[in-house]
Amino acid sequence: MAKKTKHIAIYGKGGIGKSTTTSNISAALAEAGYRVIQIGCDPKSDSTNTLRGGNYLPTVLDSLRESNHVKLEDISVVGFGGVLCIEAGGPVPGVGCAGRGINAAVSLLQELNVFEKYEADYVLYDVLGDVVCGGFAVPIRDGITDRAYVVSSSDFMAIYAANNLFKAINKYAPSGGAKLGGVIANGLTATYSESLVNDFASRTGTKVVGYVPRSLVVSQSELYGKTVIEANPESEHADIYRNLAKFIANDEDLNVPNPLNVTELRDWARNWGDKIFKLESGEVSGAEAI
Ligand code: ADP
Ligand code: MG
C-alpha cells in the first residue's frame, strides 16, 4: 500500500525566517529517518539554499520555459539527509502572477508522480505570504496541503501577514482547503514578544507551536550554506528545531482560525502599543503590564 504523505505549508511575511525554519524542519525530519521533499514557493527561489550548500538549482518555471519535457532530475537536487529540493520559481520580473510558479510546480510534480515515486513522508511548501493572493493561496486552496503553519515575529507586519493567511484559510477550509496548525514564533527578542504572539494566537483561536529565538548560530550556519542541523548539530538551537519538527510531524490539532477584522486588528495592536509603552517607561513591571 502506498504510504500516506503529509503535505504541510509554511507561510509568512518576506524575510521573517520561513526558509530558515522550513529547511531546519526538513533537515531535522530527514535526520530522524523520514523522506522529505521541500518545495520553495517564493519567487525569490532561495528556499532550499541551506539544504544544498547553495548549489545552483534551476527553477521549475525556468525549466518549463526552456523545454516541454522537463524531468525530475532537471528541477531537483538531493540535499542534506536526502531531502529532495525543488524551487517553483517566479515570473519574468514585471510580468505575470508571482504565484504562477506554484501551480506549475505542483502540476508537474503530480504529473511526474514524484510524491509516490520518492516515497515521501513529508512534503513541505515554503510559501511567501505577504499577500495571500490567488496564486499564493494555491497550496492551501486546492487540496494540495491539508495543514498550514505561519512563521511570525512580534512585529506588526508579520502579525498582519499571519492574520491575512488566517482569512484565506477561513475562506477556503469549508470547501476542502487546508486547516491551520498554528504559529511558529521566530526571532523574538523583546521582553513582551512572546506574550504578544501568544495573545494574537489565542485571540484568533489558534496556538503557538514553537519558539525559535534569534541566534548567531542560525546566521553562522547560513554563512556556511548549511542548516543549523547540519552545521551545528550539537547546539541548543539544533534541538529547538528538532523539537519543532517533531511537534509539527505529529500535530493533528488543526482548526479553522478566527481572523481579526481591520478594526479589531488595529484596536488589538494599539492596545499592545500602550502596554509596551508602559512597560518600557517603567510605569508598570513585566507581568502586570502583560
Ligand atoms: P524568508 O524565507 O521568510 O524570506 P529567511 O528564512 O530567508 O526568510 O530569513 C531571512 C534572514 O533572517 C536570513 O538571513 C536568516 O538567516 C535570518 N534568520 C531567520 N531566522 C533567524 C533566527 N532565528 N536567528 C537568526 N537569524 C535568523
Ligand atoms: Mg524564503
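Computed from a prediction, not measured in an experiment: that's the story for all the values here.

### Side note on the layout of surface pockets
So, step 1. In this model, the largest pocket occupies a volume close to 760 Å³.
So, step 2. In this structure, the largest pocket is lined by 37 residues; those nearest its centre are Gly15, Ile16, Gly17, Thr20 and Asn186.
So, step 3. Examining the composition of the lining of the largest pocket, we find that 5 residues originate from one element, helix 1 (residues 18-31), more than from any other.
So, step 4. Of the residues belonging to the lining of the largest pocket, the class tally is 7 nonpolar, 21 polar and 9 charged.

### With respect to the environment of Gly89
So, step 1. Residue placement: Gly89 occurs in the loop between strand 4 (84-87) and helix 4 (100-111).
So, step 2. You can call Gly89 buried: its relative accessible area is 3%.
So, step 3. Sequence separation of Gly89 and Ile159 is 70 residues, and the distance between their C-alpha atoms is 26 Å.
So, step 4. Ignoring sequence-local partners within four residues, the contact set of Gly89 consists of Gly40, Pro43, Ser45, Thr59, Leu61 and Gly101.

### Considering the packing of helix 7 (residues 156-172) against helix 12 (residues 262-280)
So, step 1. Between helix 7 and helix 12, the least distance of the axes is 12 Å, while the angle of their chain directions is 150°. Judged by the inter-axis angle, helix 7 sits roughly antiparallel to helix 12. Remark: the crossing between helix 7 and helix 12 carries right-handed chirality. Mapping the contact onto sequence places Phe156, Ile159, Tyr160 and Asn163 in helix 7 and Leu265, Arg266, Trp268 and Ala269 in helix 12.
So, step 2. In terms of residue class, the contact of helix 7 with helix 12 is built from 6 nonpolar, 1 polar and 1 charged.

### Things to note about the packing of helix 6 (residues 134-141) against helix 7
So, step 1. It is the contact of helix 6 with helix 7, at a shortest axis distance of 10 Å, that shows an interaxial angle of 55°. By the criterion of interaxial angle, the relationship of helix 6 to helix 7 is oblique. When you trace helix 6 past helix 7, the crossing you get is right-handed. Listed contacts from helix 7 to Ala137, Ile140 and Arg141 of helix 6 are Leu165, Ala168, Ile169 and Tyr172.
So, step 2. For the contact of helix 6 with helix 7, the class distribution of residues is 6 nonpolar, no polar and 1 charged.

The rules behind the values
- Residues numbered from 1 in each chain as written.
- Chains lettered and ligands numbered in written order.
- Predicted model: local features only at pLDDT ≥ 70, side-chain atom pairs only at ≥ 80, totals over all residues.
- Heavy atoms only, no water.
- 1 Å grid on protein atoms, 1.4 Å probe; cavity = no way out; pocket = protein on both sides within 12 Å on 5 of 7 lines; lining within 4 Å.
- Points joined across faces, edges and corners; volume = space filled by probe spheres on them.
- Helix = DSSP H or I, 4+ residues; strand = E, 2+ residues; numbered from the N terminus.
- Nonpolar A, V, L, I, M, F, W, Y, C, P; charged D, E, K, R; others polar.
- Buried < 20%, exposed > 50% of the residue type's maximum accessible area, 1.4 Å probe, protein only.
- Contact = heavy atoms within 4.5 Å.
- Axes fitted to C-alpha atoms, helices over the stretch in contact; angles between N-to-C directions.
- Parallel < 35°, antiparallel > 145°, perpendicular 65-115°, else oblique.
- Left-handed = near helix turned anticlockwise from the far one by under 90°.

Take it as geometry only, folks, not as evidence of what the structure does.
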